[in-house]
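Summary of the model geometry
Chain residues, written in single-letter form:
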Amino acid sequence: MIAVPESARELNVRIAGEAGQGVDTVGSLLVEAFAEMGLHVFATQSYMSRIRGGLNWFDIRIADRELFSGREKADLLVALTQEAVEALRTEVAGEGVILSDKEGQHGAIGLGFAGAAKAAGGSAVMANSVAAGAVFAVLGYDLKHLVSRLEKEFGRKGEDAVRQNVGCARKGAELAAARGASLQAPDPVRAPAHVYSGSEAVGLAAATSGVKLVSSYPMTPSTATFAFLAGVADRYGIVVEQAEDEIAAINMICGAVYAGVPAMTTTSGGGFALMVEGLSLAGMMELPVFIMLGQRPGPATGLPTRTAQQDLKFALSAGHGEFPRALFAPGSPQQAYALTRRALETAHKFQSPSILLLDQYLADLRKNIPELDETFRPIDRHVVENPSSDYVRYAPAPDGVSPRALPGSPAFVVCDSDEHTEDGHITEDLGVRVRLQDKRMAKEKGIVADALPPELYGADDAEHLLIAWGSTYGPCREAVDVLTERGVSAAMLHFSQVWPLDAEAVRSTLGSAGARRIASVEGNATGQFASVLRGAGILGDCELILRYDGLPFTGEEIAERAAS
Amino acid sequence: MIEKWPGSTPAWCPGCGDFAILKALDKAIDAAGIERTNLVLVSGIGQAAKLPHYVKANVFNGLHGRALPAATGIKLANHKLDVVITSGDGDMYGEGGNHLLHAMRRNIGVKVFVHNNQVYGLTKGQASPTSDIGFVTKIQTHGVVNPPLNPLAMAIVQDCSLVARTFAGDLEHMGEMMLAALTHRDGFALVDILQPCVSFNKRNTYQWYRERVKRIEDSHDPFDRGKALELAFRWGDEIPIGIIYRSDRGSFESKLPVLKAGPLVEQLRTG
């Protein structure tokens, strides 16, 4: 086992219990409180597909430096049920502390959360505040930071709610302090106070970019973005509609972008499968639709609440026929924000579909980062303002991008899912067919020219090169740090745009690839991105570091597997 | 290499009810005072779904069965547009059945003209969801065994704004019904058009319909839901045509607070 770098101080706090017990409530409370204190926070969630019972946990990693990934072991386990103690005690670090409800074996300190809440003048549901108070005491942090958070959290529920919850937090702190449990915690360092999840970052970017219609069918792990957009719909002027199914969702946004507004849908693999005919329609009609695809393990329903990077090749080839598309895969909340806007811009610039590949890990992870811009800055829709009356929708263009007019203008905008002539009308003229297919495919050249280059982290002549795409950015980055600390020469090449690829540019970035060990790190069972790189003539055979049990990679794990 | 391909003349069989529907619709659009550049004709796939190509209008000829969600998206993006759907019974009542239910539930302000010929034409003669029991085809070799879908009763139960039926063999009546739908300003309008298919439906012919269709009497109160349902259930020896049902229920777009500021497409300017 590789130890975490000693140079910086950090801790991993794990809150575990049944669904419906408030694991998320305590976790969110602590995340916000720690961020407000100026600690770097990185929170991840592991939950089961059920409303009540089971075993869920919420990890909050805190440090005096920026964090990019979660960690396997917890230093402090707060177990709201006895089952959580049994299941997770082996995942507690050697010097770690376990706080549990009942006094138990395995060194667990029983605090009787619900009983303590009642003793402090609160109700059983305030056990969450007792637990949060106990965490503060164990970490040796001033309780005033938690109190101020509780005031914000419960302020709108009235003074009594604030007073009771603060009382419960103090009781929890007292009880934990009386037992003498303590851990060396990192000192606050003025880290940014704004906490974002990947889901929120996508939603905020979409809203500020001018998305006006969101039509989706709820599906984990994409629903959080759908819900975020519903929450800001009045502020930004967005119609958010829950479609009857994913087929309706994609066809609604095809209609909406035809009529001129940026529109999007959020889904996961199974829902995306239902959308592929509509995706192909967008390819044929040259509609700038935007799809957020939150991946989870398949096939079929798979593991609904877990993470995976298994839909890359699916997204790449989804839809019958051939048409250009752009695929983006952010690796952090900041990238999720930037790339959502980029994906919408690319779709509109080239009148082609864009897909943003997220996954449960990135969708749910929370991290404090500099505040994201909330101002409304709609993207350029590349619309012809005053089209003439002899306008045709698919006029020949060397780059394949015909002037785009909207219905309601002086022009007639004619679009067909059948092969069509330049004026958009149905045709079976096979010469026209070839001409229009060539026109559509010509757009790919422009999309390639605009493609984002991969980002290199570490030395360009490193011995070990980790290839990452999408959400493995953070874990791979931490793996590079761990390896470097150990004196192993390592770097990461991260792709946030996974299609199309500028093969020549990537090849030159890879440089003397043959001289070192290259491993593709992916959350799937077959090494899909490595295969895409091979197909594009960018890379020959490489090592694969794969994980597909439904849980995310950690930096330590990748470092260990890469060096073995 | 073929030099000259056939152009955009209607791809329909001589005598097809679609010709009459095209003629009546083109006339009704003008009669309703609809600006052609403000009109979007939406369709799915099938012989009826080709109609938008022969009309001077904006056109969205989408996927089989998916005209309604596309039209819903268009209307939500710019509710000032006149959005009209022309498609067949296979497209609207079969492949797109779920969308029809939910478009009616939303009461989205689009006008839907269903060319209902009780048969699949483009795929050459299979049964449609509205084919009568006993209708024999190369697929339904022992005749259709399930009763036909009743789109009008469904629309009344869902409280659609306007529900009507007409007959492609009665140009005058069809024009009246189309005008009523096109000038109906708020909510979902469904006009089921009984349309003979001269190639594949030898059962429900012009003659067959002429002997059965009967104009609904002026005394019928279309706001009476019970009476409307009773009319919708009539099929066989007598088939009522006319405006069967009306409702005052507001459209989906009229209930969305975000649209009070104007069409979404006009909400993209900054400052």
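Residues numbered from 1 in each chain as written. Chains lettered and ligands numbered in written order. Predicted model: local features only at pLDDT ≥ 70, side-chain atom pairs only at ≥ 80, totals over all residues.

Along the backbone of chain A there are 18 helices and 21 strands. Taken over C-alpha atoms, the radius of gyration comes to 26 Å for chain A, in line with the 24 Å a tight globule of 564 residues would show. Once the C-alpha set of chain A is aligned to its principal axes, its extents read approximately 85 × 60 × 40 Å. In chain A, which comprises 564 residues, the proportion classed as buried is 58%. (Helix = DSSP H or I, 4+ residues; strand = E, 2+ residues; numbered from the N terminus. Rg over C-alpha atoms; globule rule 2.2 N^0.38 Å. Buried ≥ 20, exposed ≤ 12 C-beta atoms within 10 Å, placed from the backbone.)

Another aspect to go through is the overall build of chain B. Scanning chain B from N- to C-terminus turns up eight helices and eight strands. Against the 2.2 N^0.38 benchmark of 18 Å for 271 residues, chain B shows a C-alpha radius of gyration of 18 Å, consistent with a compact globule. With respect to the three principal axes, the spread of C-alpha positions in chain B is 65 × 60 × 30 Å. Per-residue burial over chain B gives 52% buried out of 271 residues. Put simply, of all contacts in chain B between residues at least 6 apart along the chain, 69% involve residues at least 24 apart. (Contact = placed C-beta atoms within 7 Å.)

When its domains are assigned, chain A resolves into domain 1 (10-178), domain 2 (196-368), domain 3 (383-450) and domain 4 (455-563). If you average the C-alpha positions of domain 3 of chain A and of domain 4 of chain A, the two centres end up 39 Å apart. (Domains from an automatic or database assignment.)

Residues and elements named next belong to chain A. Read across the sheet, five strands follow the order β16-β18-β17-β20-β21 without closing on themselves; strand pairing throughout is mixed. What marks the edges here is a single partner per strand, and that holds for β16 (455-458) and β21 (543-546). Taking the axes of each pair of neighbouring strands and ignoring which way they run, one obtains an average angle of 25 degrees across the sheet. Relative to β21, strand β20 (residues 517-522) is paired through four bridges, and the arrangement is parallel. Across the sheet, E522 pairs through a bridge with L546, a residue of β21. Along the sheet face, helix α17 (residues 528-535) touches β17 (464-469), β20 and β21 and points at about 125 degrees away from the line of β20. (Pairing = 2+ DSSP bridges. Axes fitted to C-alpha atoms, helices over the stretch in contact; angles between N-to-C directions.)

Moving on: helix α2 (residues 67-77) of chain B. Think of an α-helix as turning once every 3.6 residues; residues three or four places apart then point the same way. Among the 11 residues in α2(B), 11 count as buried, and that is most of the element. Taken together, the buried positions of α2(B) are A67(B), L68(B), P69(B), A70(B), A71(B), T72(B), G73(B), I74(B), K75(B), L76(B) and A77(B).

Okay, the interface of chain B and chain A next. Each partner contributes to the interface: chain B provides 38 residues, whereas chain A provides 48 residues. Elements that contribute at least two residues to the side of chain B that touches chain A include exactly β2 (58-61), α2 and α4 (97-106) of chain B. At eight residues, the largest contribution of residues to the side of chain B that touches chain A is made by α2(B). Classifying every residue of the side of chain B that touches chain A by side-chain character gives 20 nonpolar, 15 polar and three charged. (Nonpolar A, V, L, I, M, F, W, Y, C, P; charged D, E, K, R; others polar.)

The share of residues in chain B with pLDDT of 70 or more is 96%, and the mean pLDDT across the chain is 94. Model confidence for the complex: the whole-complex pTM is 0.96, and ipTM, which rates the interface, is 0.96. (pLDDT = per-residue confidence, 0-100.)

A few words now on the pairing of strand β4 (residues 111-116) of chain B. All names here are of chain B. A large share of β4 lies buried, amounting to six of its six residues. Side chains of β4 alternate between two faces, with K111, F113 and H115 and V112, V114 and N116 buried alike. Bridge count between strand β3 (residues 82-88) and β4: five bridges; the pairing is parallel. Counterpart to V84 in the pairing with β4 is K111. As paired elements, β4 and strand β6 (residues 189-194) share six bridges and run parallel to each other. The partner of F113 across the bridge, within β6, is V191.

The next point concerns the nonpolar core. One finds L466(A) and I74(B) to be the most contacted residues of the largest nonpolar core, which totals 251 residues. Those residues within four positions of L466(A) in sequence are excluded, and the remaining contacts are C476(A), A479(A), V480(A), A490(A), M492(A), A519(A), V521(A), I558(A) and A562(A). Ranked by size, the runner-up nonpolar core spans six residues in total, among them V119(B), Y120(B), A127(B) and F135(B). (Core = buried A, V, L, I, M, F, W, Y, C linked by C-beta atoms within 7 Å.)

Okay, the environment of V276(A) next. Residue and element names in this part refer to chain A. Along the chain, V276 turns up in helix α10 (residues 269-285). Of the residues examined, V276 has 18 C-beta atoms within 10 Å and is grouped as partly exposed. Sequence separation between V276 and L510 is 234 residues; the distance between their C-alpha atoms is 34 Å.

Let us look at the pairing of strand β1 (residues 39-43) of chain B. Residues and elements named next belong to chain B. Burial analysis of β1 places five of its five residues in the buried class, the great majority of the element. Side chains L39, L41 and S43 of β1 all project onto a buried face; the interleaved residues V40 and V42 project onto the opposite face, where all are buried too. Of the pairings in the sheet, the one linking β1 to β3 comprises four bridges and is parallel in character. Bridge pairing in β3 links V40 to V83. Pairing analysis gives four bridges linking β1 to β2, with the strands arranged parallel. From the neighbouring strand, V42 faces β2, where its bridge partner is F60.

All names here are of chain A. Remark: helix α15 (residues 473-485) packs on helix α18 (residues 555-563), axes separated minimally by 7 Å, with the N-to-C direction vectors making an angle of 60 degrees. One finds that α15 runs oblique with respect to α18. Once α15 is placed against α18, the crossing between them reads as right-handed. Contacts from P475, C476, E478, A479, V482 and L483 in α15 reach G555, E556, I558, A559, A562 and A563 in α18. Looking at side-chain class alone, the contact of α15 with α18 contains nine nonpolar, one polar and two charged residues. (Parallel < 35°, antiparallel > 145°, perpendicular 65-115°, else oblique. Left-handed = near helix turned anticlockwise from the far one by under 90°.)

This part covers unusual backbone geometry. Phi is mostly negative for residues that are not glycine, and the peptide bonds are mostly trans. The peptide bond linking G298(A) to P299(A) adopts the cis configuration, its omega dihedral lying at 0 degrees. By the secondary structure assignment, P299(A) is in the loop between β11 (290-295) and α11 (312-317). Of note, the amide linkage connecting W499(A) to P500(A) takes the cis form, showing an omega dihedral of -10 degrees. Mapped onto the secondary structure, P500(A) falls in the loop between β19 (497-499) and α16 (503-510). The backbone phi angle of Q351(A) is positive, close to 50 degrees, even though this residue is not glycine. As for its placement among the helices and strands, Q351(A) is situated in the loop between α12 (333-350) and β13 (354-359). By C-beta crowding, Q351(A) is classed as buried, having 24 other C-beta atoms within 10 Å. Despite not being glycine, D159(B) has its phi angle at roughly 60 degrees, a positive value. Along the chain, D159(B) turns up in the loop between α5 (151-157) and β5 (162-167).

A few words now on the sheet that holds strand β10 (residues 263-267) of chain A. All names here are of chain A. The sheet built from seven strands is open, its strands ordered β9-β8-β10-β11-β13-β12-β19 with mixed pairing. Each end of this open sheet is capped by a strand with a single partner; those strands are β9 (239-242) and β19. Neighbour-to-neighbour, the strand axes of the sheet open up by a mean angle of 20 degrees, direction not taken into account. Pairing between strand β12 (residues 326-328) and β13: three bridges, direction parallel. Bridging across to β13, A326 finds its partner in S354. Across the sheet, helix α9 (residues 246-258) is in contact with β8 (213-216), β9 and β10; its angle to β10 comes to roughly 165 degrees.

This part takes up the environment of L327(A). All names here are of chain A. Here L327 is to be found in strand β12. When the C-alpha atoms of L327 and Q497 are compared, they prove to be 5.9 Å apart, with 170 residues separating the residues in sequence. With sequence-adjacent residues up to four places away left out, L327 is seen in contact with A315, L316, I355, L357, V498 and W499.

All right, on to helix α8 (residues 225-232) of chain B then. All names here are of chain B. The complete set of buried residues in α8 reads A228, L231 and A232. Considered in projection along α8, the buried side chains sweep an arc of 100 degrees and stay on one side of the axis. Against α5 and β8 (239-246) lie the buried residues of α8. (Arc of directions from axis to C-beta.)

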